[in-house]
Amino acid sequence: MLDAQAEHTLRAAPQRAYTDPETVALEQEKIFDQDWVMVTRVGDIPNPGDYMTAKVGDRPIALVRQDDGSIKAFANFCLHRYATLFEGKGNSRRVVCPYHAWTYNRDGQLIGVTDRDGFCKVNTRELSLEELACETALGFIFVSRRKDLPPPSERLAKLGDYIQNHDIEGYEDRIIVHEEEWIGNWKFVFENFIESYHVTYAHKESIGPSNPTNHAERGPEGHEHFSFHHNSYTEDYFPEVHNLKLNDDENRRLHVIGMYPNGLAAIDGNFMWWIALEPRGVDRTNARWGLSFSKAAMEGMEDPDGFVEAVRQIILTATAEDKAMVKRVQEGAAYASPEPGYLHDWLEVYVDEFKQYVERMLRS
């Protein structure tokens with residue numbers, strides 16, 4: 001746990017932290033190359049041979065489901081002349097480089113080299129793709145370039161305790177979108193999600209009426225690896241929940257979660273909206289996102305498919321509203337004022353905690 005928040009005025013990160021190319025490069029080196037990074041849900045690649053591509057910061061990777069059900073993460077480049085091997089999503093027993101036809105098994109082993117005799121001084125039969133650490137926690141897949149870090153299940157154990165009755169590991173992954181470009185620095189996107197101060201004012205057409213700012217509830221503070229609070233429903237929008245494990249408080253709450261550095265989730269008794277962020281430069285971010293649904297909810301509803309579509313439409317509207325605000329924030333930060341902004345004493349304390357995480361990593 002971090003030290004309790006001292007009684008002082010909370011300040012945002014300076015504008016330059018969101019507009020400086022050197023800062024983005026340092027974040028790649030100190031954060032995305034040094035920590036666990038959330039990529040997607042386990043249900044995104046459910047079957048042996050399923051693969052998908054992603055980025056850890058700006059480094060291309062691929063996730064591949066193995067024959068034994070485990071998941072491996074590889075650097076997505078050929079050992080010969082660096083062409084990317086995997087593209088998009090698919091299923092394959094082996095992958096063939098489109099450049100010179102070097103061939104690899106699902107486990108990354110190099111098994112085929114065209115004109116092998118021309119590489120007589122290289123033992124190509126012992127070569128394998130560069131592998132990253134890959135672990136699952138709470139139904140999400142995390143990867144890291146480092147292999148000496150405690151597993152994400154350990155760092156997120158307390159978060160798991162807070163939401164254990166929801167059983168999000170078993171939520172059905174119904175919708176996953178791999179490309180959603182935001183005009184804004186990745187930290188702006190993350191900070192926008194983890195505070196409920198803006199909801200009433202920026203989400204008039206989506207979640208503002210159902211989960212207004214004045215219904216936000218403070219959560220526990222001081223965790224090093226995640227933030228957690230509640231953006232609760234009003235009585236008029238109280239959802240019908242079918243998970244009998246949940247108590248009254250859990251039924252009315254929409255949990256708002258940030259998993260540092262790049263994972264986001266909003267969870268209620270019926271569904272979860274999650275996002276994994278990939279920086280694409282100073283002012284561009286890709287957001288891989290999805291909607292996952294409680295099995296109990298799907299079994300208890302008369303029209304589960306209709307519910308899924310209704311949630312999808314709300315989230316699409318909320319995303320459009322958020323993207324417009326993040327773009328405005330990015331444009332305003334271009335002024336490069338040295339004076340940092342001010343944060344709400346508790347509605348934005350989670351923004352401050354995320355800022356502290358970033359600063360710790362950059363100092364390391």
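### Some points on the overall build of the chain
Per the secondary structure count, the chain includes nine helices and 18 strands. Its C-alpha atoms give the chain a radius of gyration of 22 Å, near enough to 21 Å, the size a compact globule of 364 residues would have. Over its C-alpha atoms, taken along the principal directions, the chain stretches across nearly 70 × 55 × 35 Å. In the chain, which comprises 364 residues, the share counted as buried stands at 53%. Within the structure as shown, the chain displays about 16,900 Å² of accessible surface, and the carbon and sulfur contribution to it stands at 48%.

### Side note on the sheet that holds strand S4 (residues 71-75)
Sheet architecture is open: seven strands sit in the order S1-S10-S9-S4-S3-S2-S5, paired in antiparallel fashion. One side of each edge strand has no neighbouring strand; the edge strands of this open sheet are strand S1 (37-41) and strand S5 (89-91). With direction set aside, neighbouring strand axes in the sheet form an average angle of 30 degrees. Where strand S2 (residues 50-56) lies against strand S3 (residues 59-65), six bridges are found, and the strand directions are antiparallel. Looking across to S3, one finds that Val 56 is bridged to Arg 59.

### Regarding helix H9 (residues 349-363)
Three or four residues apart is the spacing at which side chains of an α-helix point the same way, because the helix has 3.6 residues per turn. With 15 residues, H9 should reach 21 Å at 1.5 Å per residue; the first-to-last C-alpha distance of 21 Å fits that figure. All of the buried residues along H9 are Val 349, Tyr 350, Val 351, Asp 352, Glu 353, Phe 354, Lys 355, Tyr 357, Val 358 and Met 361. Tucked into the core, H9 has its buried residues touching helix H1 (21-32), helix H4 (186-193) and strand S14 (226-231).

### Remarks on the pairing of S14
Across a regular strand the side chains alternate sides, sitting on one face of the sheet and then on the other. Of all six residues in S14, six are buried, a share of seventy percent or more. Burial of the side chains of S14 extends over both faces: Phe 226, Phe 228 and His 230 are buried on one face and Ser 227, His 229 and Asn 231 on the other. The pairing of strand S13 (residues 216-217) with S14 spans two bridges and is classified as antiparallel. The residue of S14 that forms the bridge with Ala 216 is Asn 231. Across five bridges, the pairing between S14 and strand S15 (residues 255-259) is antiparallel. Bridging across to S15, Ser 227 finds its partner in Gly 258.

### Examining the sheet that holds strand S7 (residues 103-105)
The strand order S6-S7-S8 describes an open sheet built from three strands, whose pairing is antiparallel. Across the chains shown, the open sheet's two edge strands, defined by having one partner strand only, are strand S6 (94-96) and strand S8 (110-112). Averaged over all pairs of adjacent strands, the angle between strand axes in this sheet comes to 35 degrees, irrespective of strand direction. With two bridges connecting them, S7 and S8 associate as antiparallel partners. Considered in S8, the bridge of Thr 103 is made with Gly 112.

### Considerations on the nonpolar core
Of all hydrophobic cores here, the largest spans 60 residues; its most connected members are Ile 61, Leu 63, Val 143, Trp 273, Ile 275, Leu 291 and Phe 354. Sort the elements by how many residues they give to this core and H9 lands first, with seven residues. Residue contacts for Ile 275: discarding those within four places in its chain leaves Met 38, Phe 193, Asn 262, Gly 263, Leu 264, Ala 287, Arg 288 and Trp 289. Formed by 22 residues, the second largest nonpolar core is a distinct cluster that contains Phe 140, Tyr 171, Phe 228 and Ala 276.

### What to know about the confidence of the model for the chain
For any part of a model where pLDDT is low, the fine detail of the predicted coordinates should not be relied upon. Of the residues in the chain, 98% reach a pLDDT of 70 or more, and the chain-wide mean stands at 96. Segment residues 1-6: pLDDT under 50, and 13 contacts once partners within four positions in sequence are set aside and those in other chains are kept.

Criteria and cut-off values
Residues numbered from 1 in each chain as written. Predicted model: local features only at pLDDT ≥ 70, side-chain atom pairs only at ≥ 80, totals over all residues. Heavy atoms only, no water. Helix = DSSP H or I, 4+ residues; strand = E, 2+ residues; numbered from the N terminus. Rg over C-alpha atoms; globule rule 2.2 N^0.38 Å. Buried < 20%, exposed > 50% of the residue type's maximum accessible area, 1.4 Å probe, protein only. Areas by Shrake-Rupley, 256 points an atom, 1.4 Å probe, with all protein chains shown as cover. Pairing = 2+ DSSP bridges. Axes fitted to C-alpha atoms, helices over the stretch in contact; angles between N-to-C directions. Expected span 1.5 Å × (residues − 1). Contact = heavy atoms within 4.5 Å. Core = buried A, V, L, I, M, F, W, Y, C linked by side-chain atoms within 4.5 Å. pLDDT = per-residue confidence, 0-100.

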